[in-house]
Amino acid sequence: MSLIAINTSQNVNINFNTASIGERIGAFGIDMVIKGAYVLIVFLLFFRILNLGSLLQNLDNWSVMAVYIVLTFPIHIYTLVCESLLEGQTFGKKLFKIKVVKIDGFQAGFGDYLMRWFFRLIDVFSNSGVVGLVSMIVSKNNQRLGDIAAGTAVISLKNKVTISQTILENLKVDYVPIFPQVIALSDNDVRIIKENYQKALKSDDRQVISKLATKIKEILKLEIDPRTYTERQFINIIINDYNFYTSADK
């Protein structure tokens, strides 16, 4: 399992684990079981209960083929429809907690899912899936040809996250907040602030810290005497205050 760094639209790099080949094969297997169950139910209904078989005997081969295509059509578009409606997941992917995403950080669209679906003819259904398997093994981000063509990757949503990687902070019981204005921020705002702040601390990037502090003050319309708090103290207080208020709400 390798890491893939996705640059989000907020210009924040977030590392995800790419889905392993085993997870992708497992999800594919679950989807095949679902498709198989659909086919079984449809054929029991139409051929055993409604006796469609006797009607087909009076039709030519092309008409019979057309009937079979209509009956099995849902399984052919299953992956495309699921990924489009479930934001990059099929039911198999949901079970294995993996998801299709754009490498550039944007939400994959119908065109991307269509491209991946079209390439399944080469990746999955030609040579018993050898092409797709080899492509995932040799590509940088475990991508099959459809992923490479669409600019997508399949990531694992089972990343182990520590409290330092989230907006959560351990606060003392007697913690007293200072800036109630922080309630104007969203969880995503604070996550971005914290991620950039932690990166800046590691590299001792004072310019980024200064820009972060300035931006927060602009958004919250705060006028603070620079002698009261250092920029680092100010950002820490903002993160802690947000945690205090949001935790209290919950």
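Residues numbered from 1 in each chain as written. Predicted model: local features only at pLDDT ≥ 70, side-chain atom pairs only at ≥ 80, totals over all residues. Heavy atoms only, no water.

(A) Highlighting helix H1 (residues 21–49). Over its 29 residues, H1 extends 41 Å from the first C-alpha to the last, a length consistent with the 42 Å expected when each residue adds 1.5 Å. Residues Glu23, Arg24, Gly26, Ala27, Asp31, Lys35 and Val42 constitute the buried set of H1. Among the residues trailing H1, Asn51 stands out with phi positive, at a value near 55°. (Helix = DSSP H or I, 4+ residues; strand = E, 2+ residues; numbered from the N terminus. Expected span 1.5 Å × (residues − 1). Buried < 20%, exposed > 50% of the residue type's maximum accessible area, 1.4 Å probe, protein only.)

(B) Seen up close, unusual backbone geometry. Of note in the backbone geometry, Glu87 takes a positive phi value of approximately 55° without being a glycine. Of note, Glu87 is situated in the loop between helix H3 (61–85) and helix H4 (91–96). Residue classification places Glu87 among the partly exposed positions, given a relative accessible area of 47%. Here Lys221, not a glycine, exhibits a phi torsion of approximately 55°, which is positive. Considering the arrangement of structural elements, one finds Lys221 in the loop between helix H9 (206–220) and helix H10 (231–249). The exposure class assigned to Lys221 is exposed, which follows from its relative accessible area of 73%.

(C) Here's a closer look at the pattern of salt bridges. Taken as a whole, this structure holds 10 salt bridges when the rule is applied. Between Lys93 and Glu83 there is a salt bridge, and its shortest N-O distance comes to 3.0 Å. Residue Lys93 is located in helix H4, and its partner Glu83 is located in helix H3; the two are separated by 10 residues in the primary sequence. Residues Lys93 and Glu83 agree in their burial class; the two are buried. (Salt bridge = Lys/Arg side-chain N within 4 Å of Asp/Glu carboxyl O.)

(D) Expanded view of the environment of Ser126. Here Ser126 shows up in the loop between helix H5 (110–123) and helix H6 (130–138). Within the local environment of Ser126, its side chain forms a polar contact with the backbone oxygen of Ile122, the two atoms lying 2.3 Å apart. (Polar contact = N/O pair within 3.5 Å; in protein donor to acceptor, adjacent residues only side chain to side chain.)

(E) Representation of the packing of aromatic side chains in the model. Following the criterion strictly, the structure yields 9 aromatic pairs and no others. Their ring planes at 70° and their centres at 5.6 Å tell us that Phe179 and Phe234 sit as a pair that is edge-to-face. On the criterion of sequence distance, the pair formed by Phe179 in the loop between strand E4 (152–156) and helix H8 (187–203) and Phe234 in helix H10 is long-range, its members being 55 residues apart. With relative accessibility at 1%, the residue Phe234 sits in the buried group. On the numbers, 5.4 Å between centres and 85° between planes, the contact of Phe244 with Tyr245 is edge-to-face. Assessed through its relative accessible area of 29%, Phe244 is described here as partly exposed. An aromatic cluster is defined as three or more aromatic residues linked by ring pairs; in this entry it consists of Phe43, Phe47 and Tyr68. When the ring centre of Phe234 is taken as origin, the NZ or CZ atom of Lys217, which lies over that ring, is 5.2 Å away. (Phe/Tyr/Trp six-rings, centres within 6.5 Å; stacked < 30°, edge-to-face > 60°. Lys NZ or Arg CZ within 6 Å of the ring centre and 35° of its normal.)

(F) Region of the structure containing a nonpolar patch on the surface. Taken together, the side chains of Phe28, Met32, Phe118, Leu121, Ile122, Phe125, Leu145 and Ile148 present a nonpolar region at the surface, about 730 Å² in accessible area. Among the elements of the structure, H1, H5 and helix H7 (145–150) are those that each provide at least two residues to the nonpolar patch. At 3 residues, H5 tops the list of elements feeding residues into the nonpolar patch. Note on placement: Ile122 falls in helix H5. (Patch = residues over 30% accessible without salt bridge, like charges linked within 9 Å, V, L, I, M, F, W, Y side chains within 5 Å. Areas by Shrake-Rupley, 256 points an atom, 1.4 Å probe, with all protein chains shown as cover.)

(G) Structural context of the pairing of strand E3 (residues 98–102). Most of E3 sits out of view: 5 of its 5 residues are buried. A two-sided burial pattern is seen for E3, the buried positions comprising Ile98, Val100 and Lys102 on one face and Lys99 and Val101 on the other. Sheet topology note: the E3/E4 ladder contains 5 bridges and is antiparallel. Bridged to Lys102 within E4 is Thr152. (Pairing = 2+ DSSP bridges.)

By themselves these figures say nothing about function.
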